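So you can see what is in the structure, the chains are spelled out below.
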Amino acid sequence: MSSLEKIIEDFTFLDDWEDRYRYVIELGKALPDLPEEQRTPANKVQGCASQVWLVSHSEDGAKDPVMTFEGESDAHIVRGLVAIVLATYSGKHASEIADLDAIEVFGKIGLVEHLSSQRANGLRSMVKRIREEAQARLAA
């Protein structure tokens, strides 16, 4: 999986939005498939027009656990957006995740304004779900 820094750097080299969309699709293709048993209603992200599943993992018993995420979508561009969201949040402490608004990060690279309103809403739903899971881990 690509790091967020690399994704942002790659985005700055691509001038054309067609090229950027192709890059997002390539990121999605590189995302490992989620096992069938993980594609459950509980893991499905509400508020996405496409089907999106997110699974979180964290260290048991840690006060501020490091969290990792897996995800998948049935739509090419959305799957790429899932890859970018996972690169943003996976491997960070719950406190960092709760404080980090990926929508701001995506705004800096111009991603949000080039998405359809449905995709942008889905992206917000993914970010909201991950941040809520981090807040729940901190409160536990």
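What you are looking at is a predicted structure, and each value in this text was computed from that prediction instead of being measured.

1. Looking at the overall build of the protein chain
For the protein chain, the helix and strand inventory stands at six helices and three strands. Since a compact globule built from 140 residues should have a radius of gyration of about 14 Å, the 14 Å found for the protein chain is in line with a globular shape. Judged by the C-alpha coordinates and their principal axes, the protein chain covers about 45 × 30 × 25 Å. By the burial criterion, 44% of the 140 residues in the protein chain qualify as buried. Sequence separation of at least 24 residues holds for 61% of the intrachain contacts in the protein chain that already meet a minimum separation of 6.

2. Examining the environment of Ile-8
With respect to the helices, strands and loops of the structure, Ile-8 is situated in helix 1 (residues 4-13). Sequence spacing of Ile-8 and Lys-108 is 100 residues, and the spatial spacing of their C-alpha atoms is 9.0 Å. Ignoring any residue separated from it by four or fewer positions in sequence, one finds Ile-8 in contact with Val-105 and Ile-109.

3. Some remarks on the confidence of the model for the protein chain
Chain-level statistics for the protein chain give a pLDDT mean of 90 and a share of 99% at 70 or above. When mean pLDDT is taken per element in the protein chain, strand 2 (residues 66-73) scores highest with 96 and helix 5 (residues 102-108) scores lowest with 84.

4. Side note on the pairing of strand 2
In the sheet, strand 1 (residues 52-58) pairs with strand 2 via seven bridges, with the strands oriented antiparallel. Considered in strand 2, the bridge of Trp-53 is made with Glu-72. Alignment of strand 2 against strand 3 (residues 92-93), held across two bridges, turns out to be antiparallel. Across the sheet, residue Met-67 finds its bridge partner in strand 3, namely Lys-92.

5. Points about the sheet that holds strand 2
Overall, antiparallel pairing links the three strands, which are arranged 1-2-3 in an open sheet. Single-partner strands in this sheet number two, and they are strand 1 and strand 3. Packed on one face of the sheet, helix 3 (residues 76-89) meets strand 1, strand 2 and strand 3 and runs near 175 degrees to strand 2. Contacts from helix 6 (residues 117-139) reach strand 1 and strand 2, with the element oriented near 25 degrees to strand 1.

6. Notes on the packing of helix 1 against helix 2 (residues 17-30)
Here helix 1 crosses helix 2 at 155 degrees, and the two axes come no closer than 9 Å. Considered as vectors, helix 1 and helix 2 are oriented roughly antiparallel to each other. Here helix 1 and helix 2 pass one another in a crossing that is right-handed. For the pair helix 1 and helix 2, the contacting residues are Lys-6, Ile-7, Asp-10, Phe-11 and Thr-12 in the first and Trp-17, Arg-20, Tyr-23, Val-24 and Leu-27 in the second. Classifying every residue of the contact of helix 1 with helix 2 gives six nonpolar, one polar and three charged.

7. Brief notes about the nonpolar core
Of all hydrophobic cores here, the largest spans 42 residues; its most connected members are Phe-106, Leu-111, Leu-123 and Met-126. For this core, the secondary structure elements donating two or more residues are helix 1, helix 2, strand 1, strand 2, helix 3, helix 4 (94-99), helix 5 and helix 6.

Cut-offs used in this document
Residues numbered from 1 in each chain as written. Predicted model: local features only at pLDDT ≥ 70, side-chain atom pairs only at ≥ 80, totals over all residues. Heavy atoms only, no water. Helix = DSSP H or I, 4+ residues; strand = E, 2+ residues; numbered from the N terminus. Rg over C-alpha atoms; globule rule 2.2 N^0.38 Å. Buried < 20%, exposed > 50% of the residue type's maximum accessible area, 1.4 Å probe, protein only. Contact = heavy atoms within 4.5 Å. pLDDT = per-residue confidence, 0-100. Pairing = 2+ DSSP bridges. Axes fitted to C-alpha atoms, helices over the stretch in contact; angles between N-to-C directions. Parallel < 35°, antiparallel > 145°, perpendicular 65-115°, else oblique. Left-handed = near helix turned anticlockwise from the far one by under 90°. Nonpolar A, V, L, I, M, F, W, Y, C, P; charged D, E, K, R; others polar. Core = buried A, V, L, I, M, F, W, Y, C linked by side-chain atoms within 4.5 Å.

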